Structure formats: C-alpha cells, structure tokens
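Spelled out, the chains give:
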Amino acid sequence: MNLNHRIAFVWVLLLSMISAWGDPPAGPAPLKVGVSPQFPPMIYKEGDALAGLEVDFAKALGKELGRPVQFVEVDWEDEIPALADGRTDIIMSSMSITIARQLRVSFAQPYLAIGQTVLVRREDAGKFVFGFPIEPQGKVGVLKATTGDYLVQQEFPHAKRKAFDSPEDAAKALARGKIDMLICDSPTAWWLAGENETVGLTVVPILLSHENLAWAVGKSNPDLLVSVNNALGKLEANGIATAIIKRWLPLYQ
C-alpha cells in the first residue's frame, strides 16, 4: 500500500468513526425567562444590563434546574401571550397572583408577599395621618395594567386616574405636581422614594392590598411547574432565597 492509499484509508476510517459516533449530545435547553424590566428593584435596567431581585432569582433557579438562563424582554402586557405561544418558558417579572391570571397561567408557590402603597410629595404626607381616604382626591397615578391600576379602577372608580408606562415617568410627574399620588407595588414605591428623596417624594406606609408574588409557567407545562416548585423549596431551605430578598429589599427583613 503506497502513501496515498494509506492517507485515503485513514480518512475513510476517521469518517466512519465520526459517522458511528453521531452528533455530540445536545446540552440542556435554555430556560427562556420572560421579563419586563420596568419594576425596580424587582426587575429593571442598569444601562444595558438587566438587574434586580428577579434576575438573581432566575440565575439561581437556572442553576438548580441545570439549565442556562436566557432572558427574553417583552412588554408587560405581552408577558402572558409570550408564555402562551412559547416565546418564553416562565414569567419572572414581579407578577402578582390574581384570579384572572390563574385562568391563563399556572403559578408556582409564592416567594414574596407585598401590597399596593402610596408615593406622595413629602408636604402631602400629613394628609394620610388618619388613613387613606375612601375616595382619593386629585389625580391618581398608576402603572399601566398592573394590580395597582386594577385596584384604582375597581375600588376608586371616581378617581382621576392617570396611567404611566414606567415608574420613572410617574415619579417625575408626581414631583412636578402633574399627579397627586402614585399607587404601585410597595417595593417599587420604596425604591422610587429612595431615588427621588432629594426632590421630596416619600412613601405613605399604608398597604391598600395584600398580594403574593409568584412565577408563572404555561398551563401545558406541568412538569416545569413541579421542577420550579422543587427548586424554589431548595432555595428557601438553603438560605439563598432569603439572601436574594434581603439584598434587594432590606426593609422586608
């Protein structure tokens, strides 16, 4: 057998071995996490990077599930449709459990209890010494399509409601006197108070509701729901969940 024949034989042998081995085994599928980064400190943007409690939780969840995490940014109102059509596997975006949402998604076990609260200008805080009025006066700001928005529509139908797409825009409007209060999730209210302390915004420590936050998966994905609940249980048992919450919400500890 001359040299050329030997080279050809080696190539044939290598090709046959590669064919016998087949393609290398694929790694675990990424966990597509739906986020709407507009609810600091739960989920928001620092420059171009995602940050917040939900980001830390998603990374910890992915580690427990043995799956890489792929964040998928969607508009808040598109979170459930994106889950339903497979663009995402799970919603981790500060979503409260409601009866209406339970008809469309399956919620994992709650990981945090919050409530709707009120952000006002500091000079107006004294108006709430004796509690929240039965029907708030002036213009009430809300974040569009959130439980705070629904609460105002249901409980205060005569209020002069103004919906905002972002908490930052709502806080600016409050500071400039365009609205008289902002009703939103308590973590966001406290965050906005800290960010806008120098312009005189403060939280009225009155909860207008009691809500549980949880992650949501599709109704057709019960196996993932079981896995997520098991992973959350481990994160709570080993203290990681508490550490994440304490990092972002020190007032809750």
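Here, the structure is the one placed above.
Residues numbered from 1 in each chain as written. Predicted model: local features only at pLDDT ≥ 70, side-chain atom pairs only at ≥ 80, totals over all residues. Heavy atoms only, no water.

Student: I'd like a description of the packing of helix α2 (residues 53-65) against helix α9 (residues 240-248), backed by residues and values.
Tutor: Viewed as axis vectors pointing N to C, α2 and α9 meet at an angle of 160°, and their least axial separation amounts to 9 Å. By the angle between their directions, the pair α2 and α9 is classed as roughly antiparallel. The interaxial crossing formed by α2 with α9 has right-handed handedness. Contacts between α2 and α9 pair Leu 53, Asp 56, Phe 57 and Ala 60 from the former with Ile 240, Ala 241, Ile 244, Ile 245, Arg 247 and Trp 248 from the latter. Looking at the contact of α2 with α9 residue by residue, the classes come out as eight nonpolar, no polar and two charged. (Axes fitted to C-alpha atoms, helices over the stretch in contact; angles between N-to-C directions. Helix = DSSP H or I, 4+ residues; strand = E, 2+ residues; numbered from the N terminus. Parallel < 35°, antiparallel > 145°, perpendicular 65-115°, else oblique. Left-handed = near helix turned anticlockwise from the far one by under 90°. Contact = heavy atoms within 4.5 Å. Nonpolar A, V, L, I, M, F, W, Y, C, P; charged D, E, K, R; others polar.)

Student: So what's going on with the sheet that holds strand β11 (residues 181-185)? Which residues, and what values?
Tutor: Spatial strand order, β10-β9-β11-β8-β12: five strands in an open sheet with mixed pairing. If you trace the sheet from one side to the other, it starts and ends with β10 (160-164) and β12 (201-204), each paired once. Between one strand axis and the next, the sheet turns through 30° on average, direction left out of account. In the sheet, strand β8 (residues 116-121) pairs with β12 via four bridges, with the strands oriented antiparallel. (Pairing = 2+ DSSP bridges.)

Student: Describe the packing of α2 against helix α8 (residues 222-237), with residues and values.
Tutor: For the pair α2 and α8, interaxial distance at closest approach is 9 Å and the crossing angle is 110°. The orientation of α2 with respect to α8, classified from their angle, is roughly perpendicular. Taking contact as the criterion, the partners of Phe 57, Ala 60, Leu 61, Glu 64 and Leu 65 in α2 are, on α8, Leu 224, Ser 227, Val 228, Ala 231, Lys 234 and Leu 235. Residue classes in the contact of α2 with α8 are distributed as eight nonpolar, one polar and two charged.

Student: With reference to specific residues and values, describe the pattern of salt bridges.
Tutor: A pair can form between side chains of opposite charge whenever their charged atoms are brought close. Tallied over the full model, the rule gives 11 salt bridges. Salt bridges linked by common partners bring Arg 121, Glu 123, Asp 124, Lys 127 and Asp 180 together as one network. (Salt bridge = Lys/Arg side-chain N within 4 Å of Asp/Glu carboxyl O.)

Student: Quick rundown of the nonpolar core? Include the residues and the values.
Tutor: Membership of the largest hydrophobic core comes to 59 residues, with the highest contact counts inside it found for Leu 53, Phe 57, Ile 90, Tyr 111 and Trp 215. Discounting chain neighbours no more than four positions away, the residues touching Ile 90 are Leu 31, Lys 32, Val 33, Gly 34, Leu 61, Leu 83, Trp 215, Ala 216, Val 217 and Val 228. Counting residues in each nonpolar core, the second largest holds 13 residues, with Val 118, Val 152, Met 181 and Val 204 among its members. (Core = buried A, V, L, I, M, F, W, Y, C linked by side-chain atoms within 4.5 Å. Buried < 20%, exposed > 50% of the residue type's maximum accessible area, 1.4 Å probe, protein only.)

Student: Lay out the side chain of Arg 121 in plain terms, naming residues and giving numbers.
Tutor: As for its placement among the helices and strands, Arg 121 is situated in strand β8. By relative accessible area, Arg 121 is classed as buried at 12%. A distance of 2.7 Å separates a polar atom in the side chain of Arg 121 from the backbone oxygen of Leu 174. What Arg 121 contacts, discounting residues up to four positions off in sequence, is Leu 174, Ala 175, Gly 177, Ile 179, Asp 180, Gly 200, Leu 201 and Thr 202. (Polar contact = N/O pair within 3.5 Å; in protein donor to acceptor, adjacent residues only side chain to side chain.)

Student: Summarise the sheet that holds strand β14 (residues 216-217); cite the residues concerned and give the values.
Tutor: Strand pairing in a sheet is mediated by backbone hydrogen bonds. Such pairs are either parallel or antiparallel. Judged by pairing direction, the sheet is mixed, and its five strands sit side by side in the order β4-β1-β5-β14-β6 without closing on themselves. The two strands at the open ends of the sheet, each matched to only one other strand, are β4 (69-73) and β6 (106-107). Bridge count for strand β1 (residues 31-35) against strand β5 (residues 90-91) is two bridges, and the pairing is parallel. Across the sheet, the residue bridging to Val 33 is Ile 90, located in β5. Helix-sheet contacts for α2 involve β1, β4 and β5, and the interaxial angle to β4 is about 140°.

Student: Lay out the packing of aromatic side chains with the relevant residues and their values.
Tutor: Using the criterion set out here, one finds eight aromatic pairs in the structure. Taken together, a centroid distance of 5.0 Å and an interplanar angle of 80° make the contact between Phe 39 and Trp 76 edge-to-face. Placement of the pair is Phe 39 in the loop between β1 and β2 (44-46) and Trp 76 in the loop between β4 and α3 (79-84), with a sequence separation of 37 residues. Among the residues examined, Trp 76 registers a relative accessible area of 9% and is labelled buried. For the ring pair Phe 132 and Phe 156, a centre distance of 5.5 Å and an interplane angle of 40° mean the geometry is tilted. Here the residue Phe 132 occupies a position in the loop between β8 and β9 (139-143), and Phe 156 occupies one in the loop between α5 (147-155) and β10, the gap between them amounting to 24 residues. (Phe/Tyr/Trp six-rings, centres within 6.5 Å; stacked < 30°, edge-to-face > 60°.)

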